[in-house]
Amino acid sequence: MSLSSTSPWSSGKACRSGPFPKRSFEIGAIVVGFIYWWPAALAYVAWKVAGYPALSEMRGLASRGSAWGNAWNAGGTGRSRFAAAYEAANGSTGNRAFDDYRKAELDRLDAQRKALAEESRAFSEYVEGLKRAKDREEFDAYMAQKRAADSTRSV
């Protein structure tokens, strides 16, 4: 009789990470990290998703920055943040005709967005005016009814 076990758990074949599920400790630590101090857990998950880069690689990424992030932070120039981010990320294509066309289209879309926002504001004001007029009409009818009731009681 042999004392060695033939179960899949003892041989490590039941789990990809070895005889004992090591990833369960990691997942548990991430969950506990999110419960107690979420910024550290989030940083760890980001580091894990990035493929465990070395410290020097992370410094390189931080010094280069992200064109999307830089444009997003500086996006308050009157244009939409998406347009600013798109221009910052893509820059010049090298084809001036296309760059001019793209700029003209982005300007046209931005003007259209502003016109739509103005129309929405004007419509909101119109609806508010209708509500005020209806309220005034109902109030005037109530006051007329009250005056009529008061005049019949005093006679």
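Note that the structure is a prediction, hence the values are computed from the model and not measured.

Side note on the overall build of the protein
Here is step 1: From N to C terminus, the protein includes 7 helices and 0 strands.
Here is step 2: Secondary structure elements of the protein, listed N to C terminal, follow the sequence α-α-α-α-α-α-α.
Here is step 3: Buried positions account for 11% of the 155 residues belonging to the protein.
Here is step 4: Taking all contacts inside the protein whose residues are at least 6 apart in sequence as the whole, residues at least 24 apart take part in 19%.
Here is step 5: If you sum the accessible surface of the protein, you get close to 12900 Å²; carbon and sulfur atoms cover 62% of it.

Regarding the side chain of Asp110
Here is step 1: Checked against the element boundaries, Asp110 lands in helix 7 (residues 96-154).
Here is step 2: On the basis of relative accessibility, which here comes to 9%, the residue Asp110 falls in the buried class.
Here is step 3: Within the structure, the side chain of Asp110 is placed 2.8 Å from the side chain of Arg113, a separation counted as a polar contact.

Thoughts on the packing of aromatic side chains
Here is step 1: A complete count under the given rule lists 1 aromatic pair for this structure.
Here is step 2: Seen from their ring centres, Phe98 and Tyr101 are 6.3 Å apart, and the 40° between their planes marks the pair as tilted. Separated by 3 residues within a single helix, Phe98 and Tyr101 lie in helix 7, roughly one turn from each other.
Here is step 3: Among the residues examined, Phe98 registers a relative accessible area of 37% and is labelled partly exposed.

Considerations on the pattern of salt bridges
Here is step 1: One pass over the structure, following the stated rule, counts 8 salt bridges.
Here is step 2: The partner of Arg121 in a salt bridge is Glu118, with the nearest N and O atoms 2.2 Å apart. Here Glu118 and Arg121 lie together in helix 7, a separation of 3 residues that amounts to about one turn.

With respect to a negative patch on the surface
Here is step 1: Taken together, the side chains of Glu128, Asp135, Glu137 and Glu138 make up a negatively charged region of the molecular surface.
Here is step 2: Tracing the chain through its elements places Glu138 in helix 7.
Here is step 3: In this structure Glu138 comes out as partly exposed when scored by relative accessible area, which is 44%.

Describing the confidence of the model for the protein
Here is step 1: Of all residues in the protein, 60% have pLDDT values of 70 or greater, and the mean over the chain is 75.
Here is step 2: No element of the protein has a lower mean pLDDT than helix 5 (residues 67-73), at 47, and none a higher one than helix 7, at 92.
Here is step 3: Within the model, pLDDT remains below 50 along residues 71-76, and this stretch shows 6 contacts once partners closer than five positions in the same chain are excluded.

Some points on helix 3 (residues 38-49)
Here is step 1: Spanning 12 residues, helix 3 covers 16 Å between terminal C-alpha atoms, matching the ideal 16 Å at 1.5 Å per step.
Here is step 2: One or two residues past the end of helix 3 sits Gly51, with phi positive at roughly 90°.

Topic: the side chain of Asp99
Here is step 1: With respect to the helices and strands, Asp99 occurs in helix 7.
Here is step 2: The exposure class of Asp99 is buried, given its relative accessible area of 14%.

Calculation rules
Residues numbered from 1 in each chain as written. Predicted model: local features only at pLDDT ≥ 70, side-chain atom pairs only at ≥ 80, totals over all residues. Heavy atoms only, no water. Helix = DSSP H or I, 4+ residues; strand = E, 2+ residues; numbered from the N terminus. Buried < 20%, exposed > 50% of the residue type's maximum accessible area, 1.4 Å probe, protein only. Contact = heavy atoms within 4.5 Å. Areas by Shrake-Rupley, 256 points an atom, 1.4 Å probe, with all protein chains shown as cover. Polar contact = N/O pair within 3.5 Å; in protein donor to acceptor, adjacent residues only side chain to side chain. Phe/Tyr/Trp six-rings, centres within 6.5 Å; stacked < 30°, edge-to-face > 60°. Salt bridge = Lys/Arg side-chain N within 4 Å of Asp/Glu carboxyl O. Patch = residues over 30% accessible without salt bridge, like charges linked within 9 Å, V, L, I, M, F, W, Y side chains within 5 Å. Lys, Arg positive; Asp, Glu negative; His and termini not counted. Charge placed at Lys NZ, Arg CZ, Asp CG, Glu CD. pLDDT = per-residue confidence, 0-100. Expected span 1.5 Å × (residues − 1).

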